[in-house]
Amino acid sequence: MSTEMKPTNGHGRGAAREPALVVLQLSGGNDFMNTVIPYGDGRYYDNRPNTGIAEDRLLEIDNAIGLHPAMAPIKDMYDDGKVAIVQGIGYPNPDRSHFRSMDIWHTAEPTKFSSEGWLGRTIREIDPDRRNVVTGVSFGQGLPRAMVAPGTPVVAVAQLEGYGLLTTLPGNRQRKAVATFERMYAPEETSEASMILNHLGQTGQYALEGAALLRSAPEGYTSSVEYADEQLAQSLRGIAQVHLAGLGTRIFYANIGGFDVHALENKVQPDLWRKVSRAVTDFFADLREHGAADNVTMMVFSEFGRRIRDNGGGTDHGSGGGALLIGERVRGGLYGQYPSLDPDEQLDGDLRFNNDFRSLYSSILDQWMNISPAPIVNGTFEQFEGMLDRPAAA
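What counts and what doesn't
Residues numbered from 1 in each chain as written. Predicted model: local features only at pLDDT ≥ 70, side-chain atom pairs only at ≥ 80, totals over all residues. Heavy atoms only, no water. Salt bridge = Lys/Arg side-chain N within 4 Å of Asp/Glu carboxyl O. Helix = DSSP H or I, 4+ residues; strand = E, 2+ residues; numbered from the N terminus. Expected span 1.5 Å × (residues − 1). Buried < 20%, exposed > 50% of the residue type's maximum accessible area, 1.4 Å probe, protein only. Contact = heavy atoms within 4.5 Å. Polar contact = N/O pair within 3.5 Å; in protein donor to acceptor, adjacent residues only side chain to side chain. pLDDT = per-residue confidence, 0-100. Pairing = 2+ DSSP bridges.

The next subject is the pattern of salt bridges. One pass over the structure, following the stated rule, counts 18 salt bridges. A salt bridge links Asp350 to Arg96, with the nearest nitrogen and oxygen atoms 2.8 Å apart. Pair noted here: Asp350 is in the loop between β11 (333-335) and β12 (355-356) and Arg96 is in the loop between β5 (83-90) and α3 (98-107), with a separation of 254 residues, a long-range link. Through salt bridges with shared partners, one network takes in Arg96, Arg307, Asp348 and Asp350.

What follows concerns helix α9 (residues 357-368). An α-helical turn contains 3.6 residues, so any two residues separated by three or four positions project in the same direction. For α9, spanning twelve residues, the distance from its first C-alpha to its last is 16 Å, which sits close to the expected 16 Å at 1.5 Å a residue. Across the twelve residues of α9, eleven count as buried, placing the element largely inside the fold. Looking only at α9, the buried set comprises Phe357, Arg358, Ser359, Leu360, Tyr361, Ser362, Ser363, Ile364, Leu365, Gln367 and Trp368. Asn370 sits one or two positions beyond α9 and adopts a positive phi of about 60°.

This paragraph deals with the environment of Phe284. Within the secondary structure, Phe284 sits in helix α8 (residues 265-289). As for Phe284 and Val296, which are separated by twelve residues in sequence, their C-alpha atoms are 8.7 Å apart. Filtering out sequence-adjacent residues up to four positions away, Phe284 remains in contact with Met77, Ala293, Val296, Met298, Ile326 and Gly327.

A word on the side chain of Arg48. For Arg48, the location among the structural elements is in the loop between α1 (42-47) and β3 (59-60). Within polar-contact distance, the side chain of Arg48 engages the backbone oxygen of Arg307 at 3.0 Å. Apart from the residues lying within four places of it in its own chain, the contact partners of Arg48 are Asp31, Met33, Asn34, Glu265, Arg307, Ile308, Arg309, Asp310 and Thr315.

Right, let's get into the confidence of the model for the protein chain. Summary statistics for the protein chain give a mean pLDDT of 87 and a share of 84% for residues scoring 70 or more. Within the model, pLDDT remains below 50 along residues 1-15, and this stretch shows 46 contacts once partners closer than five positions in the same chain are excluded. Throughout residues 174-201 the model reports pLDDT below 50, and contacts reaching past four residues in sequence, or to other chains, amount to 23 contacts.

Moving on, we come to the sheet that holds β3. Here three strands make up an open sheet; going across it, the order is β2-β4-β3 and the pairing antiparallel. This sheet does not close on itself; its edge strands, each paired only once, are β2 (36-37) and β3. Of the pairings in the sheet, the one linking β2 to strand β4 (residues 66-67) comprises two bridges and is antiparallel in character. Bridge pairing in β4 links Val36 to Leu67.

Structure follows, in structure tokens:
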């Protein structure tokens, strides 16, 4: 394993020009029907007598579709042609379990279990020699399954400021503790029986190297953008800092929970979308202020949609959700057909998906990251043609 502890892209502070991807997970199963609202179909209001969004409140896209009123900042970006809305996205034989459905999205394997995440495979493809331990960085608690691949370094950060090992210890004690940690996790010859310990050792060593690199990211960072004092906003602020530091990070991950709206949906979902909309638009405003937005694209997804009919105060687990793609190089608009609300075309009371989520992954990998998608998404899937314009090579 390389112990090189400097950026590998040669650009220094001020983001590298290689395309970067930010993945934002909406955990809990976002209600797509109340996010991208088919208000032109009267069956929407027939099925949503308690949770439906009134036509005079939603943000019209056309005479059939509108966005949730809490998404006004994202709607402005949509009007500027920088948001693609993928309608009716999902996978065959949908699973209403949060854990299994998210596992499918993370591994791109709907029919079997996998130890590798699709972004972990992507990171390995970008940096096969593991020269840069911060090619992939996740902000939040824990490491998402999507970024895991054996032997592939990924760093997980809860908060960028103060990130590192044992940073609360006095200087001399900290140096001794870190030296002990280094000895504990130093690579060594291993037998088959000690593979697990070796994996832990690699993980610890990656953490050491990642801490040394990421600790420098906030240095010299200034911005007129005032991010909200909320978990997602601060995660995206951290992503902006790492991107602007030019450390060669190509894959970022962030997460916001709370979308499992079985009750109080008309209170909970608007608050969540206000947080998401402000955090996302502040993030891109920050990058634009620094001339660094041109090579960043964000994918926003959730593990599934909700049932077509509300349950009185909320909605239950369903299918046929949607995803957003946001960025300067995104060719905005509506992609795919909205799933039918016709009872004869539903899937047992759910929206029937029209587009396989691996088609979206394939489009991003090929059109944006310049990576062959088939080995990463486990097959060949039709892409959304012309969805992205890759930035000019550095």
